[in-house]
Amino acid sequence: MSSNQGDPRALSQAASERNSQPPDPFDNPCETAATCSSPEAQVSPVAEEVSPSSTSSFEMLDMESVPPPYQEVQPHWFFCRRAEDSTSWHPFSREDSDKLENAFITAKDEEEDVRVAVDGERYDVHVKERKRYAVYWEQAPTEVRRCTWFFKGDKDTQYMPYPEDLSTSLEEAYMIAVTLDEWKRKLDFPTGETVILHNPKLMMHYKPIQLQDEWVSSPSEQTRPCTVKRGVDKIFVEIPDGEPEKIDHLVFMVHGIGPACDLRFRSIIQCVNDFRSASLSLLATHYKRAQQDGQVGRVEFLPVNWHSALHGDATGVDEDIQRITLPSISRLRHFTNDTLLDLFFYNSPTYCQTIVDTVASEINKLHALFKQRHPEFEGDVSVTGHSLGSLILFDLLTNQRTGSRAREGVFSGEHSSPNNDSLEQMLTRMGLQQYLSTLQAEKLDLESLALCQDCDLRDLGIPLGPRKKILNYIKRRWLPEDCKPPAENQTQESEVPPVSTSDGNQSSGLMSQDPHFHRAQSITSAVDYEYFDVGIGQVSIDYPQLAFHPQTFFAFGSPIGMFLTVRGLKRIDPNYSFPTCKSFYNIYHPYDPVAYRIEPMIVSEVDLEPMLIPHHKGRKRMHLELKDSLTRMSMDLKNNVLGSLRTAWQSFTRLPVAALPPLEEAGTTNETNTEAQASVSDTTAAKREDKSAEFWTKIQEWPKAFHKHYVRGVYMEAESSAEQMEQPEITMGMLNGGRRIDYVLQEKPIESFNEYLFAIQSHVCYWESEDTALLLLKEIYDKLGVALEQPQQ
């Protein structure tokens, strides 16, 4: 059998064509299988002439066993998942399959199509149309099939479902064979394909015989039939468990640069699906008892895609970049234009506004849609950003406003003008009355003009200078007071503390939008913040407001610290916190080249190690434990050896001192000599005594010096390392409610061999990291009063 037999793409295509016509089981029923089969398969014309060698690869079964009575096959619903070069079929959970089957039975008598929410209500299945539609993101509809019969070739990795009309034909033939006990029934189809029901346990699908050339594999390989199975319980397929209906928390996940989020070039939708699956598995293992008691449901993760809006036809930026791109190394340049340029787009006022507006509007839209589909949801909402997405969320959360007036002004779109100027009076005041007819032709008034952006006025043919004047006037005069640059209102806020500059002097609150961000001393002229809303260093744009107050902000592989430093910020005031979000976690891999720390910008006087994220199995990774053990063992060995050497040397140096003759004995011996020799002996003895005393004094003092300069230094090093291991708790400011902010993952054993080799992989590892998912679950459920069952070591 050729490698392309049983191709599900051909099955799906033929099934779609067949569904558009009245169903006829014997009108070309095997078209789909024939289009994907080898043309050289040879089949005997009758069932009795089938060669025994055709079943040589299958286990010989008892042909004379009494078959059980006929029982109707239990269907199971599958959906198709298409990739660029492959198509696969995946089963729905048993719960979703039962819902679809019940809807299929009830929809027979109804004219309108029936919709069934599946996969945690993230998809809707149109039962009669046999299509599955995504709810929260844009995705092409996928085919859905009510499956009862399956086939698989020798080279196929999994069983593929037959189209429903062909499955009906096979089921009818099987029912007749069981009822009449007449096996070896042969079903011939116009395409030349044949299905032979040898017995209840052996059913084969044979391919038609066609001409072959010398480049095709041998006939013995081409004539291998496909195995046919009846019912999903007879095939090896893992049917997923259904997701809990109760949702405890909602998390929005914003991607970084480019359309792909990992090294397999998968989209944010696929990566978030993996992260959601990991969280469900961890809930089943680490919150098993709480789930059984009904205290824990699940956490819903929804992707937020902004890349398509930036690079879509609305902005036209891709066309502009393509015109100036060189033709050489086209693939590399295309990759650069599609990914790395997003960093520069975010630093551009025009496209930064597009990115921020897209992220905020997408989050608000998803939040409203989620509340509509889950009206019983009363949990909190968190946000997560990866790479550049974390910086976007950081700037967005920094510029959120509290109070009902700000929120009403954003969501209702009703802005109260401080004066009653008309459009004509406004243009006349600015000397731009010549553009009145242009704006009136588009039926623009002051309210609608306040919603326009620079690109909208450019499309009307208004030059750059007048555009900037109009937008600046609208920004200063038309928007409500709390939507204006904060520098205008800082004089009314008595709680704003002064800003500390790099030289230690105090400056007024006008030097920064937020006084809790400390900016380095500037060597350029001062900026008038009444006209330029630069915030904490980001470009001058209007930041939209979110429809909710996030509970926690999680940053994966985030460059926030680097961007804040490049913007000229020295440190973050410990008293600063997001206006509407009270928790912040900076999670990163130790080898991530894009990640930077946050805590040194808050507590710069203490060198703190980041918090080590525990392994999801409740321990350190083995290679890290071995490394720590070897470090402690080498330190203990060094201390023991040096201590033994010191003791031995001190014992050795004490022996010669005790063996020396006393000075009194030497004087008594000299008295026996003659008076002539006494003077000479006294002089010689005095010199010898001085040299010996000096020598043995140095020998005796050497161990003390050795201990002072080396052994004590080793002990002090060991004590300092022990003190470093037991660091006292230090308040990290209010950005995370006084708790730690930086959390580092444990590298895998293979990653520790070469950190450069796995640098890129470490930046995209968070989507499949169970340790990261468990940290999020722990922080979420700790606030709900549900403790982790497995203790972390």
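Residues numbered from 1 in each chain as written. Predicted model: local features only at pLDDT ≥ 70, side-chain atom pairs only at ≥ 80, totals over all residues. Heavy atoms only, no water.

**Thoughts on the pairing of strand S2 (residues 87-91)**
Next, step 1: Most of S2 sits inside the fold, with 4 of its 5 residues counted as buried.
Next, step 2: Of the strand pairs in this sheet, strand S1 (residues 76-82) and S2 are connected by 5 bridges, and their pairing is antiparallel. For Phe78, the partnering residue across the bridge sits in S2 and is Pro91.
Next, step 3: Remark: 4 residues form the turn of the hairpin made by S1 and S2, two consecutive strands paired antiparallel. (Buried < 20%, exposed > 50% of the residue type's maximum accessible area, 1.4 Å probe, protein only. Helix = DSSP H or I, 4+ residues; strand = E, 2+ residues; numbered from the N terminus. Pairing = 2+ DSSP bridges.)

**Examining the nonpolar core**
Next, step 1: Of all hydrophobic cores here, the largest spans 108 residues; its most connected members are Phe252 and Phe553.
Next, step 2: When sequence neighbours within four positions are dropped, the list of residues in contact with Phe252 reads Leu302, Val304, Ile363, Leu366, His367, Val381, Ser382, Val383, Thr384 and Phe548.
Next, step 3: Among the nonpolar cores identified, the runner-up in size contains 27 residues, and Phe150, Tyr162, Leu170 and Val178 belong to it. (Core = buried A, V, L, I, M, F, W, Y, C linked by side-chain atoms within 4.5 Å. Contact = heavy atoms within 4.5 Å.)

**Here's the deal with the sheet that holds strand S5 (residues 131-134)**
Next, step 1: Read across the sheet, 6 strands follow the order S2-S1-S6-S5-S4-S3 without closing on themselves; strand pairing throughout is antiparallel. With partners counted over all chains shown, the strands left at the sheet margins are S2 and strand S3 (115-118), one partner each. In this sheet, neighbouring strand axes are inclined to one another by 30 degrees on average, regardless of whether the strands run parallel or antiparallel.
Next, step 2: Pairing of S3 with strand S4 (residues 123-126) involves 4 bridges; the strand directions are antiparallel. Bridge pairing in S4 places Arg115 opposite His126. (Axes fitted to C-alpha atoms, helices over the stretch in contact; angles between N-to-C directions.)

**Side note on a negative patch on the surface**
Next, step 1: A cluster of acidic residues, Glu95, Asp98, Glu245, Glu376 and Glu378, forms a negative patch on the protein surface.
Next, step 2: The residue Glu245 is located in the loop between strand S12 (226-230) and strand S13 (247-254) in this model. (Patch = residues over 30% accessible without salt bridge, like charges linked within 9 Å, V, L, I, M, F, W, Y side chains within 5 Å. Areas by Shrake-Rupley, 256 points an atom, 1.4 Å probe, with all protein chains shown as cover. Salt bridge = Lys/Arg side-chain N within 4 Å of Asp/Glu carboxyl O. Lys, Arg positive; Asp, Glu negative; His and termini not counted. Charge placed at Lys NZ, Arg CZ, Asp CG, Glu CD.)

**Some thoughts on the sheet that holds strand S22 (residues 611-612)**
Picture the strands of a sheet paired through backbone hydrogen bonds; they go either parallel or antiparallel.
Next, step 1: Pairing is parallel across the open sheet formed by 7 strands, whose spatial order is S14-S13-S15-S19-S21-S23-S22. What marks the edges here is a single partner per strand, and that holds for strand S14 (298-304) and S22.
Next, step 2: Note: S13 against S14, 7 bridges, orientation parallel. Looking at S14, one finds that Val251 is bridged to Phe301.
Next, step 3: Each of S13, S14 and strand S15 (380-386) is contacted by helix H11 (residues 349-373), which is oriented at about 155 degrees to S13, the strand it contacts most.
Next, step 4: Together, S13, S14, S15, strand S19 (552-556), strand S21 (583-588) and strand S23 (742-744) form the strand contacts of helix H25 (residues 770-783), whose direction differs from that of S21 by roughly 165 degrees.

**A closer look at the side chain of His311**
Next, step 1: Along the chain, the position of His311 falls in the loop between helix H8 (307-310) and helix H9 (317-323).
Next, step 2: There is a polar contact of 2.8 Å between the side chain of His311 and the side chain of Asp342.
Next, step 3: In this view, His311 contacts Val317, Asp318, Asn337, Asp338, Asp342 and Phe345; residues no more than four positions away in its chain are not counted. (Polar contact = N/O pair within 3.5 Å; in protein donor to acceptor, adjacent residues only side chain to side chain.)

**Here we look at helix H14 (residues 423-430)**
Next, step 1: If you check which residues of H14 are buried, you get Leu423, Met426, Leu427 and Met430. Taken end-on, H14 shows its buried residues confined to a sector of 95 degrees, consistent with a single buried face.
Next, step 2: Just beyond H14, the residue with positive phi is Gly431, at close to 75 degrees. (Arc of directions from axis to C-beta.)

**Some points on the pattern of salt bridges**
Next, step 1: Overall, the coordinates contain 29 salt bridges when judged by the stated rule.
Next, step 2: The salt bridge involving Asp124 is made with Arg373; its shortest N-O contact spans 2.9 Å. Residue Asp124 is found in strand S4, and its partner Arg373 is found in helix H11; the two are separated by 249 residues along the sequence.
Next, step 3: On the accessibility criterion, Asp124 (13% relative accessible area) is buried.
Next, step 4: We note a salt bridge from Glu768 to Arg266, for which the minimum N-O separation is 3.1 Å. With Glu768 in the loop between helix H24 (759-763) and H25 and Arg266 in the loop between S13 and helix H6 (268-286), this pair connects stretches of sequence that are 502 residues apart.
Next, step 5: The exposure class of Arg266 is buried, given its relative accessible area of 12%.
Next, step 6: Among the ionic contacts, a cluster of salt bridges with common partners joins Arg122, Glu243, Arg276, Arg298 and Glu300.

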